[in-house]
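Listed here are the chains, written in short residue letters.
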Amino acid sequence: MSSSEKGETHISSQGKRMFNIIKQDKDISSQEIANLYDDWATSFEKDNVKLNYRGPHEMSSVLAEFGNSKDVSVLDVGSGTGLLGEALKALGFTNVSALDISQKSLDFSEKKGIYKKLFCVDVGTDGMPFNDNEFDVLACCGGIVPNHISPVAIEEWTRIVKQGGIIVLSIRRCYIEIMQGQEELYSKKLAEKCDEVLEDLKNTKKVEVTLKKEVPYLENSPAVIYVLKVL
Ligand SMILES: C[S@@+](CC[C@H](N)C(=O)[O-])C[C@H]1O[C@@H](n2cnc3c(N)ncnc32)[C@H](O)[C@@H]1O
């Protein structure tokens, strides 16, 4: 058993199904992803406790370091059941909205009363239903995953984030780099697309990468957090 599989033995059948789909890295429809997350919504958080998931905690700390004020408008993209929203609320953020493709995950998070507004959107297909410069911060914690949100969407995110605002992303290293014991999770497609999009955004002076750091994420599997300043 590879190191990435060890922690997955005790999670729900819905969680196992999702990790298998990610490993297969086949093209499946976003509707299918939405259905899978709808089914997973009520056991997602329990599974992530078992997997020692630290993404929202790490990302909220980075946001707190960068934010001048806790009133900044934040859009949590791929918000899931609201773990990042909860972490941000605990740090005093007051103006956070949620966006996800899974209505059941949004319903789960709505009950927590942590989000100002909630949007059910398929990033990539629906586009972003927001005005230019609408947000100070866009955070995407664990949404850029094989078969999930494509990094191609980041360009559109630079439109809805104000100049001087930030886009914060966390991406598991094993998806974009070949890591020992987690080779089956590497996605050449995703890795190449991430590099291409980030290079293009830097060359066209749409963003500046102000932070790139490794953080603990899932058990034995770190992530890279990027902070992109919108120019
Ligand atoms: C791994 S979960 C992360 C959830 C949450 N950010 C967290 O850290 O707990 C990925 C989320 O991305 C959402 N997602 C996947 N594809 C999407 C798409 N095309 N548009 C919007 N959301 C999407 C899923 O529904 C899911 O809630």
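Residues numbered from 1 in each chain as written. Predicted model: local features only at pLDDT ≥ 70, side-chain atom pairs only at ≥ 80, totals over all residues.

A.B. asks: Looking at this structure, I do not really get the overall build of the chain. What am I missing?
C.D. replies: Within the chain, the regular secondary structure consists of 10 helices and seven strands. Taking 231 residues into account, the globule formula puts the C-alpha radius of gyration at 17 Å, and the chain, at 16 Å, falls close to it. Along the first, second and third principal axes, the C-alpha atoms of the chain reach 45 × 40 × 30 Å. Counting across all 231 residues of the chain, residues that qualify as buried make up 39%. Across the chain, the fraction of contacts at a sequence separation of at least 24, relative to all contacts at a separation of at least 6, is 68%. (Helix = DSSP H or I, 4+ residues; strand = E, 2+ residues; numbered from the N terminus. Rg over C-alpha atoms; globule rule 2.2 N^0.38 Å. Buried ≥ 20, exposed ≤ 12 C-beta atoms within 10 Å, placed from the backbone. Contact = placed C-beta atoms within 7 Å.)

A.B. asks: What exactly am I supposed to notice about the packing of helix 2 (residues 13-24) against helix 3 (residues 30-40) here?
C.D. replies: Packed helices, taken two at a time, are described by the angle between their axes plus the distance between the axes. Between helix 2 and helix 3, the least distance of the axes is 9 Å, while the angle of their chain directions is 150°. Viewed along their axes, helix 2 and helix 3 adopt a mutual orientation that is roughly antiparallel. Helix 3 is crossed by helix 2, and the crossing has left-handed handedness. Contacts between helix 2 and helix 3 involve Gln14, Gly15, Arg17 and Met18 from the first element and Leu36, Asp39 and Trp40 from the second. (Axes fitted to C-alpha atoms, helices over the stretch in contact; angles between N-to-C directions. Parallel < 35°, antiparallel > 145°, perpendicular 65-115°, else oblique. Left-handed = near helix turned anticlockwise from the far one by under 90°.)

A.B. asks: Hey, could you run me through the site of the ligand in this one?
C.D. replies: Lining the immediate surroundings of the ligand are 24 residues, of which Tyr37, Gly78, Gly80, Ile101 and Val123 lie closest. Broken down by secondary-structure element, the contributors of at least two residues to the shell around the ligand are helix 3, helix 5 (55-66) and helix 6 (83-90). In terms of residue count, helix 3 provides more of the shell around the ligand than any other element does, three residues in total. Residue classes in the shell around the ligand are distributed as 11 nonpolar, 11 polar and two charged. (Near = placed C-beta within 6 Å. Nonpolar A, V, L, I, M, F, W, Y, C, P; charged D, E, K, R; others polar.)

A.B. asks: Help me out: how do you make sense of the sheet that holds strand 2 (residues 96-100) in this one?
C.D. replies: Within a sheet, neighbouring strands are paired by backbone hydrogen bonds and run either parallel or antiparallel to one another. Taken in spatial order, the seven strands line up as 3-2-1-4-5-7-6 in an open sheet, and their pairing is mixed. Two strands in the sheet have a free side with no partner beyond their single neighbour: strand 3 (118-120) and strand 6 (207-218). Strand-to-strand twist in this sheet, taken as the mean axis angle between neighbours without regard to direction, amounts to 15°. Sheet topology places strand 1 (residues 74-77) next to strand 4 (residues 135-141); three bridges connect them, and they run parallel. In the sheet register, Leu75 faces strand 4, and the bridge partner there is Leu138. Contacts from helix 5 reach strand 4, strand 5 (161-172), strand 6 and strand 7 (221-230), with the element oriented near 155° to strand 5. (Pairing = 2+ DSSP bridges.)

A.B. asks: Would you explain the nonpolar core in this entry?
C.D. replies: Soluble globular proteins tend to bury their nonpolar side chains together. In this structure, Val74, Val137, Leu138, Ala139, Cys140, Ile167 and Val168 are the most contacted members of the largest nonpolar core, which totals 57 residues. Not counting chain neighbours up to four residues away, the residues in contact with Val74 comprise Leu88, Phe93, Asn95, Val96, Phe135, Asp136, Val137 and Ala139. (Core = buried A, V, L, I, M, F, W, Y, C linked by C-beta atoms within 7 Å.)

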